[in-house]
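Spelled out, the chains give:
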Amino acid sequence: MLILALDTATPAVTAGIVRLSGPAGTTGDTEAGDTEAARAVAGGTDANSAAADGATAVAAARPVVEQVAARVTVDPRAHGELLTPHLLEATADAGITLADLGAVAVGTGPGPYTGLRAGLVTGAALAHSLGVPAYPVCTLDAIAAGPACPALVVTDARRREVYWATYDASGARTDGPHVGSRAEVPETAGHVADHEQPTPEGVVRAAAAEILTAREPGPLTPLYLRRPHAAEPTPRKRVTA
Amino acid sequence: MAKIIMGIESSCDETGVGLVAAHDDGTVELLADEVASSVQQHARFGGVVPEIASRAHLEAMVPTTQRAFDTAGLSMSDVDTVAVTAGPGLAGALLVGVSAAKAYAAALDVPLYGVNHLAGHIAVDTLQHGPLPTPCLALLVSGGHTQLLRVDDIAGTITELGSTVDDAAGEAYDKVARLLDLPYPGGPPIDKAARDGDPQAIAFPRGMTGPRDPKFDFSFSGLKTAVARWVEGAQERGEQVPVADVAASFQEAVADVLTAKAVRAATEAGIGTLVVSGGVAANSRLSTLARERCAEAGIELRLPRPRLCTDNGAMIAALGAHVAAAGHKPSSLDLSANPGLPVDTVLV
Ligand SMILES: [Zn+2]
């Protein structure tokens, strides 16, 4: 299945086309080419696996995720402007059209940029008009799903704060996502992904299990983690002294 | 064959999605006009909170779009063109609509037009009263804008003759409502209270009407302060504030200045048609006075029904229909929202 992955929760405008199939032999729709891709991808993620006793065994247990095309630009003010051009370019690079997509996966943050909503509404509107499901993905999970399998992911929350979450060796989130000062972030012996951005592949990896079970996705709700900044009016000042 | 235009509006606190049919004879027909409003979420803050509005737009966008298609009995593949408010408005709010419109246009593989919200308020009248005679004059009054515009071509040539130098007319309503302990937004409760009041009871000032003031600009800040002074004076004397009279006299001052300047502008320019639109156009005193004064001056008044006057997607679809029919080049998909889009830029 071809999936469009989007994320606008970090300073990067991220869009890409990712091929996803179930572990070899477990799904009917696995194509011949995917088995090779499965081995290649699984081989590349050996470092990810605590007990990688051969590529074939890993391939049998893991979904096959292959990034076909990606367009990423780091510019926190260009989310609204660049996202649609990026996703169309990635689609063209992949040699497909939007009608070939089987699903959309979108980073839901947490992210401090108003651009976060650009990614979510773009994903929702595309899925709506194409008649395919849209899967929400915690952006920190998408970063953690990269090949280095980090134990701690930290991103910029502005206002001198960070968003963070921790992950165990299997890649499962163990704490977070939270927003707070640097001092509140726990020490870790594992890998630290500090101010990284997710890849389209990471976005799809983080949603792979849900997509492959064809479960009805949850709503594309942003992980704001903060209440809107708004003050109720103070008692009106008199105009006459 | 009629063309189907989808319009998306998200410049302030209403998420609007409209569908119109553009016929070959230049008429546009309303097929659907769905609006989700976040106004009640802003009420306790006494004004629109941008972050709350943006969050609400994101939640409402797809469901509102689906409702529009359900109402019109159309499917998405019927759409020939997508139009969206590119500005002016709140940055974060506009971003949601513009992003959604780009995605819909890309997925449906149809042209996208990023258009001006203010021009949309004028174009909406063509859904009710047919093609606009040109030139015509437009008075736009709402919580966000108060402008007098000359329209030579709804698809491209709009000139500002005057605008407010301080508060928008709708803002003055909100502030006076607060002063009188009436709810937000202030337009409807002041209009209601004024029905039982005497519009001549208190002589509130008419802003910007001195001999040396700009002829077609407006000012409502002084009026708001005058109302506050008057109410505080009554309270200090231990008198009961006559809410109905204050509301009626305030409303009279607003409607008087707006209609006097609009009719004068039309008369001086020899323009025979006045369109009054925007949320405040639904105000009963404004519409009554506009009718009287236009009739006296021999000017045709075009007043869209209240539902069309407030922010909605149908007005953007209607404008998109006119812009597309005029043969203008569609917007690029790297279009960005422009919160300060000037009124003379109809298409981005
Ligand atoms: Zn408006």
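Conventions adopted
Residues numbered from 1 in each chain as written. Chains lettered and ligands numbered in written order. Predicted model: local features only at pLDDT ≥ 70, side-chain atom pairs only at ≥ 80, totals over all residues. Heavy atoms only, no water. UniProt positions renumbered as here; feature names shortened; annotations may be inferred. Axes fitted to C-alpha atoms, helices over the stretch in contact; angles between N-to-C directions. Helix = DSSP H or I, 4+ residues; strand = E, 2+ residues; numbered from the N terminus. Left-handed = near helix turned anticlockwise from the far one by under 90°. Contact = heavy atoms within 4.5 Å. Nonpolar A, V, L, I, M, F, W, Y, C, P; charged D, E, K, R; others polar. pLDDT = per-residue confidence, 0-100. Salt bridge = Lys/Arg side-chain N within 4 Å of Asp/Glu carboxyl O. Polar contact = N/O pair within 3.5 Å; in protein donor to acceptor, adjacent residues only side chain to side chain. Core = buried A, V, L, I, M, F, W, Y, C linked by side-chain atoms within 4.5 Å. Buried < 20%, exposed > 50% of the residue type's maximum accessible area, 1.4 Å probe, protein only.

Labelled according to an unreviewed UniProt entry, chain B appears under the name tRNA N6-adenosine threonylcarbamoyltransferase, originating from Prauserella halophila. Taken from UniProt, the Catalytic activity (unreviewed entry) comment for chain B reads in full: "L-threonylcarbamoyladenylate + adenosine(37) in tRNA = N(6)-L-threonylcarbamoyladenosine(37) in tRNA + AMP + H(+)". According to UniProt, the comment filed for chain B under the heading Sequence similarities (unreviewed entry) is "Belongs to the KAE1 / TsaD family."

### So, the packing of helix α4 (residues 115-130) of chain A against helix α3 (residues 91-108) of chain B
In the contact formed by α4 of chain A and α3 of chain B, the axes pass within 8 Å of each other and the chain directions differ by 35 degrees. Viewed along their axes, α4 of chain A and α3 of chain B form a crossing whose handedness is right-handed. Only Leu95, Val96, Ser99, Ala100, Ala103, Tyr104, Ala107 and Leu108 of chain B of α3 of chain B make contact with α4 of chain A, whose side of the interface consists of Gly115, Arg117, Ala118, Val121, Thr122, Ala125, Leu126, His128, Ser129 and Leu130 of chain A. Grouping the constituent residues of the contact of α4 of chain A with α3 of chain B by class yields 12 nonpolar, 5 polar and 1 charged.

### Brief notes about the confidence of the model for chain B
Here chain B shows a mean pLDDT of 96. Residues at 70 or above account for 100%. Two numbers describe this predicted complex: its pTM, 0.91, and its ipTM, 0.94.

### Looking at the UniProt feature "domain: Gcp-like" (unreviewed entry) in chain B
In the numbering used here, UniProt assigns the "domain: Gcp-like" (unreviewed entry) feature to residues 29-317 of chain B. Taken end to end, residues 29-317 of chain B is 49% helix and 17% strand, and its first and last C-alpha atoms sit 10 Å apart.

### So, the interface of chain B and chain A
Taken residue by residue, the interface counts 34 residues in chain B and 36 residues in chain A. Taken together, chain B and chain A are joined by 1 salt bridge. One salt bridge in this structure joins Arg117 of chain A and Glu51 of chain B, with 3.2 Å as the shortest N-O distance. Taken together, the connections running from chain B to chain A amount to 6 residue pairs in polar contact (both at pLDDT 80 or more). Broken down by secondary-structure element, the contributors of at least two residues to the side of chain B that touches chain A are α2 (50-72), α3, α6 (169-179) and α8 (221-236) of chain B. If one sorts the elements of the side of chain B that touches chain A by residue count, α3 of chain B sits on top with 10 residues.

### Some remarks on the nonpolar core
With 59 residues, the main nonpolar core has Leu6 and Ile17 of chain A together with Met6, Leu19, Val79, Val82 and Tyr104 of chain B as its most contacted residues. Residue contributions to this core peak at 10 residues, all from α3 of chain B. Discounting chain neighbours no more than four positions away, the residues touching Leu19 of chain B are Ile4, Ile5, Met6, Glu29, Leu30, Leu31, Ala32, Ala68, Phe69, Ala72, Leu74 and Val79 of chain B.

### Topic: the environment of Leu149 of chain B
Residue and element names in this part refer to chain B. Within the element layout of this structure, Leu149 appears in strand β7 (residues 146-153). Residue classification places Leu149 among the buried positions, given a relative accessible area of 0%. When residues no more than four places from it in sequence are discounted, the contact partners of Leu149 are Ile122, Cys136, Leu137, Ala138, Leu140, Ile158, Thr159, Glu160, Leu161 and Val343.

### Concerning helix α7 (residues 187-194) of chain B
For α7 of chain B, every residue scored as buried is listed here: Pro189, Ile190, Asp191, Ala193 and Ala194 of chain B. On its buried face, α7 of chain B is in contact with α6, α9 (243-269) and α10 (284-297) of chain B.

### Some details on unusual backbone geometry
Put simply, Gly176 of chain A and Pro177 of chain A share a cis peptide bond, and its omega is 0 degrees. With respect to the helices and strands, Pro177 of chain A occurs in strand β8 (residues 173-180). Here Thr134 of chain B and Pro135 of chain B are connected by a cis peptide whose omega angle stands at -5 degrees. The residue Pro135 of chain B is located in the loop between α5 (125-129) and β6 (136-141) in this model. Phi at Arg160 of chain A takes a positive value of approximately 60 degrees, unusual for a residue other than glycine.

### Looking at the environment of Ala134 of chain A
Residue and element names in this part refer to chain A. Relative to the helices and strands, Ala134 is located in strand β5 (residues 134-137). Spatially, the C-alpha atom of Ala134 lies 11 Å from that of Leu101, the residues being 33 residues apart in sequence. Apart from the residues lying within four places of it in its own chain, the contact partners of Ala134 are Val104, Gly123, Ala127, Pro217, Gly218 and Leu220.

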